[in-house]
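Architecture at a glance
Read off the chains here:
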Amino acid sequence: MAKPLILISNDDGITAPGIRTLVEVAMKIGEVVVVAPDGPQSGMGHAITIGNTLRLDRSIAFDDLGIEAYECSGTPADCVKLAKHHVLKDRKPDLVVSGINHGSNSSISVLYSGTMSAAIEAAIEGLPAIGFSLCDYGHEADFSHTEPFVEQIIRQALKNPIPENTALNVNIPKKSDEKIKGIKVCRQAHARWQEEFDERLDPRNRRYFWMTGSFVNFDKGEDTDEWAIVNNYVSIVPCQFDMTAYHAISILNNDWDI
């Protein structure tokens, strides 16, 4: 029986440690093709390249593993589009996986995440998809403990198809002395970043700004991704690209004079 075809991308760039971990896990399960940005694209959200040229070149990043790989000058969403329409052409991936992101993509961060945008783009294209993130921003983040969870979730997604028009957002707690308790299917927590902008001067005395801030969780529910991560569970949030606020339709129709 033919191995499943797994397309891999990310937003940290093709040489990031997280994508290598993901490739090493996925290649135990199926045939892997990598199409990823040629450099960091974190925080790009669902941006696509429309006013500049896109470059796609063969990469040697995974030659030691015998994996076909390409690096793209564009965004994570660009990578998935080029993979489907140019690299794979008539070959349809059985699964698209993105990551493993270096840092959390829980709660509101899913909107800004290039990692999840690659997965969402795959879902838009009618492909089952998962975005994986490690909740560790440390320079020397250890991805090793993510491997059994990534493998388990990928195998489940291939065995039991992800619902149509849905991408899974998976966040894995950082490695600690405490063993991860398990996996929880969650909802996205109501939380957001409270930004501050530090005003500075460059060496030519020109003003610039550096964005800082803190993450604030307003949600006390125990069914959220934030609760799961804090309590040392892997969280899975099913995400959709239909952003219609259905509850507001009747309000607008009934209360607005339109």
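For every chain, the first residue of its written sequence is number 1, and the numbers climb from 1 along that sequence. Per-residue local features of the predicted model are confined to residues with pLDDT of at least 70, and side-chain atom pairs are confined, for both listing and counting, to 80 or more; whole-chain, interface and lining totals are unaffected and use all residues. Neither water nor hydrogens contribute to the side-chain values; these are computed over all heavy atoms in the structure.

Strand pairing is assigned whenever DSSP detects at least two bridges linking the two strands. The numbering of helices and of strands both runs from the N terminus, where a helix is a DSSP run of H or I of at least 4 residues and a strand a run of E of at least 2. If you walk across this open sheet you meet the nine strands as E3-E4-E2-E1-E5-E6-E7-E11-E8, and the pairing is mixed. The open sheet has two edge strands with one neighbour each: strand E3 (56-58) and strand E8 (183-185). This sheet shows a mean twist of 25° between the axes of neighbouring strands, independent of strand direction. Taken together, the seven bridges between strand E6 (residues 129-135) and strand E7 (residues 166-173) define a ladder with parallel strand orientation. When the bridges of E7 are listed, Gly131 appears paired with Asn169. Between two residues, a contact is recorded if the distance between any of their heavy atoms is within 4.5 Å. Axis geometry follows a simple rule: fit a line to the C-alpha atoms, using only the stretch in contact for helices, then measure angles between N-to-C directions, giving values from 0 to 180 degrees. Contacting strand E1 (5-9), strand E5 (95-102), E6, E7 and strand E11 (234-240), helix H4 (residues 114-124) runs over the sheet at an angle of about 170° to E6.

The next thing to look at is the state of the cysteines. Here, the term disulfide refers to a pair of cysteine sulfur atoms separated by no more than 2.5 Å. Enumeration over the complete set of coordinates arrives at zero disulfides. This cysteine, Cys135, is not joined by any disulfide, and Cys186 carries the nearest cysteine sulfur, 11 Å off. Each residue is placed in one exposure class: buried if its accessible area under a 1.4 Å probe, protein chains only, is under 20% of its type's maximum, exposed if it is over 50%, and partly exposed if it falls in between. Under the relative-accessibility criterion, Cys135 is labelled buried at 15%. A disulfide-free cysteine, Cys239 has its sulfur positioned 11 Å from the sulfur of Cys186, the nearest such atom. Judged by its relative accessible area of 10%, Cys239 falls in the buried class.

Here we take up the side chain of Asp202. Checked against the element boundaries, Asp202 lands in the loop between strand E9 (191-201) and strand E10 (207-217). Among the residues examined, Asp202 registers a relative accessible area of 19% and is labelled buried. Whenever a nitrogen or oxygen atom comes within 3.5 Å of another N or O atom, the pair is scored as a polar contact, on the condition that within protein one atom can donate a hydrogen and the other can accept it, and that pairs from neighbouring residues in sequence are kept only if both atoms are in side chains. Separated by 2.8 Å, the side chain of Asp202 and the backbone nitrogen of Arg204 make a polar contact.

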